[in-house]
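Single-letter residue listing:
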Amino acid sequence: MAARNSEALEVFLKVAADSRVSWRAVELAGRGISADAAGVVWVISKGKDLLSGEDFYVLLMRKSDLIDSLSESWRSFDSGELSSADFEDQLEAVVLELEGWIP
């Protein structure tokens, strides 16, 4: 299942559907989906008008780095290079950052 135009959503959906992860990871994936959606709505409705071009760019690059980290953590877990506990820790860190991403 590929999510349209959202790498974060695609990873969060994979996490939520994977039988190898804990219920805590499923919860975090749900929170991540909500945080990502809230961020998209904020960018479209307010962010692009409230921030200077440079500040907006920095904010978007920060989110891009978070998504890259999320994708890399998932790839490492999915390939067996990362334990469930370590993956969950990294997932939680990304979700907390996404939840606080909107200024």
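Residues numbered from 1 in each chain as written. Predicted model: local features only at pLDDT ≥ 70, side-chain atom pairs only at ≥ 80, totals over all residues. Heavy atoms only, no water.

Asker: For this particular structure, what's the right way to read the overall build of the chain?
Answerer: When you go through the chain residue by residue, the secondary structure sums to four helices and zero strands. Mapped from its N terminus to its C terminus, the chain presents α and β elements in the order α-α-α-α. Taken along its principal axes, the extent of the C-alpha atoms in the chain is 40 × 20 × 20 Å. Counting every position in the chain, which comprises 103 residues, the buried fraction comes to 35%. (Helix = DSSP H or I, 4+ residues; strand = E, 2+ residues; numbered from the N terminus. Buried < 20%, exposed > 50% of the residue type's maximum accessible area, 1.4 Å probe, protein only.)

Asker: How do you make sense of the environment of Val11 when you look at a structure like this?
Answerer: As for its position among the elements, Val11 is in helix 1 (residues 7–17). Taking relative accessible area as the criterion, Val11 reaches 6% and is therefore assigned buried. Linking Val11 and Leu70, residues 59 residues apart in sequence, is a C-alpha distance of 7.5 Å. Not counting residues up to four positions away in its chain, the partners in contact with Val11 are Leu70, Ser71 and Trp74. (Contact = heavy atoms within 4.5 Å.)

Asker: Can you walk me through the side chain of Asp18 in this structure?
Answerer: Residue placement: Asp18 occurs in the loop between helix 1 and helix 2 (23–50). Looking at Asp18, its side chain comes within polar contact range of the main-chain nitrogen of Arg20, at 2.7 Å. (Polar contact = N/O pair within 3.5 Å; in protein donor to acceptor, adjacent residues only side chain to side chain.)

Asker: Where do I start with helix 2 in this structure?
Answerer: What sets the pattern is the α-helix's 3.6 residues per turn: residues three or four places apart point alike. Under the 1.5 Å per step criterion, the end-to-end length of helix 2 is 38 Å for 28 residues, consistent within 8% with the ideal 40 Å. Residue Val43 marks the point of greatest curvature in helix 2, where the axis turns by about 55 degrees. For helix 2, the elements touching its buried residues are helix 1, helix 3 (53–78) and helix 4 (84–99). (Expected span 1.5 Å × (residues − 1). Bend = angle between axes of the 7 residues up to and from the residue.)

Asker: Please clarify how the packing of helix 1 against helix 3 should be interpreted in this entry.
Answerer: Helix packing for two helices is described by the angle between their axes and how far apart those axes are. Interaxial distance between helix 1 and helix 3 falls to 10 Å at its minimum, and their mutual angle equals 35 degrees. Judged by the twist between their axes, the crossing of helix 1 over helix 3 is left-handed. Across the interface between the two elements, Glu7, Ala8, Val11, Phe12, Lys14 and Val15 of helix 1 pack against Ile67, Leu70, Ser71 and Trp74 of helix 3. Class assignment for the residues of the contact of helix 1 with helix 3 results in seven nonpolar, one polar and two charged. (Axes fitted to C-alpha atoms, helices over the stretch in contact; angles between N-to-C directions. Left-handed = near helix turned anticlockwise from the far one by under 90°. Nonpolar A, V, L, I, M, F, W, Y, C, P; charged D, E, K, R; others polar.)

Asker: Help me understand the pattern of salt bridges, please; the structure alone is not making it clear to me.
Answerer: Think of it this way: side chains of opposite charge can pair up when their charged atoms draw near. One pass over the full model with this rule turns up 10 salt bridges. Between Glu27 and Arg31 there is a salt bridge whose closest N-O contact spans 4.0 Å. On the criterion of helical spacing, the pair formed by Glu27 and Arg31 is a turn pair, its members being four residues apart in helix 2. Across the pair Asp36 and Lys63 runs a salt bridge whose closest N-O atoms are separated by 2.7 Å. Note that Asp36 is positioned in helix 2 and Lys63 in helix 3, a separation of 27 residues in sequence. Overall, the relative accessible area of 9% leaves Asp36 in the buried class. Of the residues examined, Lys63 reaches a relative accessible area of 12% and is grouped as buried. Overlapping salt bridges bring together Arg24, Glu27, Arg31, Glu92 and Glu99 as one network. (Salt bridge = Lys/Arg side-chain N within 4 Å of Asp/Glu carboxyl O.)

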